[in-house]
Amino acid sequence: MMKVNVKCFSQVQYALGQTELLVELENGSKASDLEKLIRIRAKGKLDDVSLRVAINKNYVNEDTELKDSDEVAFIPPVQGG
Amino acid sequence: MMKVNVKCFSQVQYALGQTELLVELENGSKASDLEKLIRIRAKGKLDDVSLRVAINKNYVNEDTELKDSDEVAFIPPVQGG
Amino acid sequence: MIKVEIIRDPVKLFTINDDRKEDGAELVFNGRVRNMERGKEIIALEYEQYEGMAELELKEIAQRTCKKFPIKDLFCRHRIGIINVGEISLHVVIWSKHRREGLEAMNWFISELKKHVPIWKWAIMIDNTRVPSECKH
Amino acid sequence: MIKVEIIRDPVKLFTINDDRKEDGAELVFNGRVRNMERGKEIIALEYEQYEGMAELELKEIAQRTCKKFPIKDLFCRHRIGIINVGEISLHVVIWSKHRREGLEAMNWFISELKKHVPIWKWAIMIDNTRVPSECKH
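Residues numbered from 1 in each chain as written. Chains lettered and ligands numbered in written order. Predicted model: local features only at pLDDT ≥ 70, side-chain atom pairs only at ≥ 80, totals over all residues. Heavy atoms only, no water.

Participant: For this particular structure, what's the right way to read the overall build of chain A?
Facilitator: Within chain A, the secondary structure is distributed over 2 helices and 5 strands. In sequence order, chain A lays out its α and β elements as β-α-β-α-β-β-β. In terms of overall size, chain A behaves like a compact globule, its C-alpha atoms giving a radius of gyration of 12 Å where 81 residues would be expected to give roughly 12 Å. C-alpha atoms of chain A, sized along the principal axes, occupy 35 × 30 × 20 Å. Burial status across chain A gives 46% buried among its 81 residues. Nonlocal contacts in chain A, meaning residues at least 24 apart in sequence, comprise 52% of its contacts between residues at least 6 apart. Accessible surface, chain A as shown: approximately 4,300 Å² in total, 45% of it carbon and sulfur. Of the charged side chains in chain A, 11 are positive and 13 negative; the average position of the first set lies 4 Å away from that of the second. (Helix = DSSP H or I, 4+ residues; strand = E, 2+ residues; numbered from the N terminus. Rg over C-alpha atoms; globule rule 2.2 N^0.38 Å. Buried < 20%, exposed > 50% of the residue type's maximum accessible area, 1.4 Å probe, protein only. Contact = heavy atoms within 4.5 Å. Areas by Shrake-Rupley, 256 points an atom, 1.4 Å probe, with all protein chains shown as cover. Lys, Arg positive; Asp, Glu negative; His and termini not counted. Charge placed at Lys NZ, Arg CZ, Asp CG, Glu CD.)

Below, the structure is given as structure tokens:
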């Protein structure tokens, strides 16, 4: 098992009511596996929200395997400018 | 007969060696008639230069009839900015 | 040269002067907070960033802009936190030889920024409630 | 509002502040004199105008810009006379609700200006000779 730190922003933060959470996962889990967990926890509140994954502050593919103590963020549509 | 005041800029000024000239024309002359005269006076130096006509500080069509004491300019390609 | 900053204080404009001899075009863009959000009056926007990643992304987009277009210099300041109506949230300066590539680079840089930089907005309404912004630009 | 000026002194930038509440985009363009003209080094450009007509044309183009694009405010200063390398010959500020129309309006305004406003340039070379400029932009 491994632990990753999930950072929550904007709609994700709003849906989960948390800015950060620690999640335990099986070794070999992918970002997409964690996203499924997060969407379940959000109880439908993220159903209409497209999310991109960042690991350790870089956008990555959903297939990327997570490693212990990775910092993961599911990025809802951004609004800078 | 009528007299018009021709303002000369840039390549026209360079070709004619003058900043301004007074030209006498027959009544009913058009801007295009005056342009022919100017091109002749320039002795070929304006052959490659496209000119637009302005009468009293407004661009007009070459067919526009001139009136006594009009201020006429034959505008070579402009270079503002 | 690329300069990229994410700041919390009011944006100070980058100094511009007559020292550049090879760039004919100097383009400055200031994005300001508008007083309306989804048809309702607001008093401010609150910008939230993914600390660290936002600046990294911004820098990368600036670098990509300078590769895609023939420009060498792009300066950018993005403010976060609470920004009152009228104030600057985004300040960008681009220098280029001719205006066309400067305008194109500016447009491209800002679109990419709006697609990728992890920054989000909350609208602060006139009754002081704070609601998620849904500005689609 | 439209402001259009043809001036002989160094360009002072228009004052910009936080007072606008409806325009999200503020775009400033400064055209500066470059140190090269047809591959040769120059020390200045001398701009000559058709006095009276240049300002009239500039104003008309500004008005057409504000009709063609959804913008209300366009300020412009065009300097004439001798302008040293690095100095500003053209200063334009456009405010718009969103950036896209502002960038398009800026591009269109400057292209029209370069097509129609009766202003011409002479290049002043490093040996101080004065030759007609043939910059095709």
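Participant: Just checking my understanding: could you explain the pairing of strand 1 (residues 2-7) of chain B for this structure?
Facilitator: Residues in a regular strand point their side chains to alternate faces of the sheet. Residues and elements named next belong to chain B. Alignment of strand 1 against strand 2 (residues 20-25), held across 6 bridges, turns out to be antiparallel. When the sheet's bridge partners are listed, Lys-7 is paired in strand 2 with Glu-20. Where strand 1 and strand 5 (residues 71-75) come together, 3 bridges link them in parallel fashion. Bridge pairing in strand 5 links Lys-7 to Ala-73. (Pairing = 2+ DSSP bridges.)

Participant: What is the right way to read the nonpolar core from this model?
Facilitator: Here is a general trend for soluble globular proteins: nonpolar side chains tend to be buried in one another's company. One finds Val-92 and Phe-109 of chain C together with Val-92 and Phe-109 of chain D to be the most contacted residues of the largest nonpolar core, which totals 69 residues. Sort the elements by how many residues they give to this core and helix 2 (residues 99-116) of chain D lands first, with 7 residues. Contacts of Val-92 of chain C, omitting those with residues within four sequence positions, involve Leu-27, Val-28, Phe-29, Leu-74, Phe-75, Cys-76, Met-106 and Phe-109 of chain C. (Core = buried A, V, L, I, M, F, W, Y, C linked by side-chain atoms within 4.5 Å.)

Participant: Could you clarify how one ought to interpret the sheet that holds strand 5 (residues 73-79) of chain D in this entry?
Facilitator: For sheets, the rule is that strands pair by backbone hydrogen bonds, running either parallel or antiparallel. Ordered by their spatial adjacency, 8 strands build an open sheet running 1(C)-5(C)-7(C)-2(C)-2(D)-7(D)-5(D)-1(D), and the pairing between neighbours is mixed. In this open sheet, the two edge strands, each paired with only one partner strand, are strand 1 (2-7) of chain C together with strand 1 (2-7) of chain D. Within the sheet, the average angular offset between the axes of one strand and its neighbour, ignoring direction, is 5 degrees. The sheet contact formed by strand 2 (residues 25-32) of chain C and strand 7 (residues 88-96) of chain C spans 8 bridges and is antiparallel. (Axes fitted to C-alpha atoms, helices over the stretch in contact; angles between N-to-C directions.)

Participant: It is not clear to me how the relation of the copies chain D and chain C should be interpreted in this structure. Could you clarify?
Facilitator: Two copies of a chain can be linked by a rotation about an axis combined with a shift along that same axis. When chain D is fitted to chain C, the residual RMSD is 0.0 Å, and the transformation amounts to a turn of 180 degrees plus an axial shift of 0.0 Å. The superposition of one copy onto the other is thereby described by a two-fold rotation axis. Of the C-alpha atoms belonging to chain D, the one lying closest to the rotation axis is found on Val-28 of chain D, 2.4 Å away. In this assembly, 100% of the residues forming the interface of chain D have copies in chain C that are likewise at the interface, indicating an isologous arrangement. (Least-squares fit on C-alpha atoms with pLDDT ≥ 70 in both.)

Participant: So what exactly am I meant to see when it comes to the packing of aromatic side chains here?
Facilitator: Ring pairs (aromatic) are described by centroid distance and by the angle formed between their planes. Applying the stated rule across the entire model yields 10 aromatic pairs over all chains. Summarising the aromatic geometry, the rings of Phe-9 of chain B and Tyr-50 of chain D are spaced 4.6 Å apart at their centres and angled 35 degrees between planes, so their arrangement reads as tilted. In this pair, Phe-9 of chain B sits in the loop between strand 1 and helix 1 (10-16) while Tyr-50 of chain D sits in the loop between strand 4 (40-49) and helix 1 (53-68), so the two residues belong to two different chains. By relative accessible area, which is 8% here, Phe-9 of chain B ends up buried. Seen in terms of ring centroids, Phe-14 of chain C and Phe-75 of chain C are 5.1 Å apart; in terms of plane orientation they differ by 65 degrees. Their pairing is edge-to-face. In this pair, Phe-14 of chain C sits in the loop between strand 1 and strand 2 while Phe-75 of chain C sits in strand 5 (residues 73-79), placing the two residues 61 residues apart along the sequence. Summarising the burial analysis for this pair, Phe-14 of chain C and Phe-75 of chain C share the class buried. (Phe/Tyr/Trp six-rings, centres within 6.5 Å; stacked < 30°, edge-to-face > 60°.)

Participant: Can you help me understand the packing of helix 2 (residues 99-116) of chain C against helix 2 of chain D in this one?
Facilitator: When two helices pack together, their arrangement is given by the angle between their axes and by how far apart the axes lie. Two elements in contact, helix 2 of chain C and helix 2 of chain D, have axes whose closest approach is 11 Å; the angle formed by their N-to-C orientations is 175 degrees. It follows from the interaxial angle that helix 2 of chain C and helix 2 of chain D lie roughly antiparallel. Across from Arg-99, Arg-100, Leu-103, Met-106, Asn-107, Ile-110, Ser-111 and Lys-114 of chain C in helix 2 of chain C, the residues of helix 2 of chain D making contact are Arg-99, Arg-100, Leu-103, Met-106, Asn-107, Ile-110, Ser-111 and Lys-114 of chain D. Of the residues contributing to the contact of helix 2 of chain C with helix 2 of chain D, the split by class is 6 nonpolar, 4 polar and 6 charged. (Parallel < 35°, antiparallel > 145°, perpendicular 65-115°, else oblique. Nonpolar A, V, L, I, M, F, W, Y, C, P; charged D, E, K, R; others polar.)

Participant: Looking at this model, I keep getting lost on the side chain of Ser-96 of chain D. Mind explaining?
Facilitator: Residues and elements named next belong to chain D. Note that Ser-96 resides in strand 7 (residues 88-96). In this structure Ser-96 comes out as buried when scored by relative accessible area, which is 1%. Contacts of Ser-96, omitting those with residues within four sequence positions, involve Asp-23, Gly-24, Ala-25, Ile-71, Glu-101 and Gly-102.

Participant: Honestly, the arrangement of the chains in this entry has me stumped. Any pointers?
Facilitator: Counting contacts across all 3 pairs of chains that touch, the top pair turns out to be chains C and D. Note that chain B does not reach chain C: the shortest distance linking a C-alpha of one to a C-alpha of the other is 10 Å. Looking at chain A next to chain D, you find no contact at all, with the nearest C-alpha pair sitting 10 Å apart.

Participant: What is the right way to look at the interface of chain A and chain C in this model?
Facilitator: Size of an interface, as often reported, equals the accessible area lost when the parts are brought together. Counting residues at the interface gives 19 residues for chain A and 26 residues for chain C. Carbon and sulfur atoms supply 57% of the area that chain A and chain C bury against each other, a total of about 1,800 Å² over both sides. On the chain A side of the interface with chain C, the three residues burying the most area are Lys-57, Gln-79 and Gly-81 of chain A, jointly 39% of the side's total. Taken together, chain A and chain C are joined by 0 salt bridges. The interface formed by chain A and chain C contains 14 residue pairs in polar contact (both at pLDDT 80 or more). (Buried area = accessible area lost by both parts, 1.4 Å probe. Salt bridge = Lys/Arg side-chain N within 4 Å of Asp/Glu carboxyl O. Polar contact = N/O pair within 3.5 Å; in protein donor to acceptor, adjacent residues only side chain to side chain.)

These figures come from the coordinates and say nothing about function on their own.
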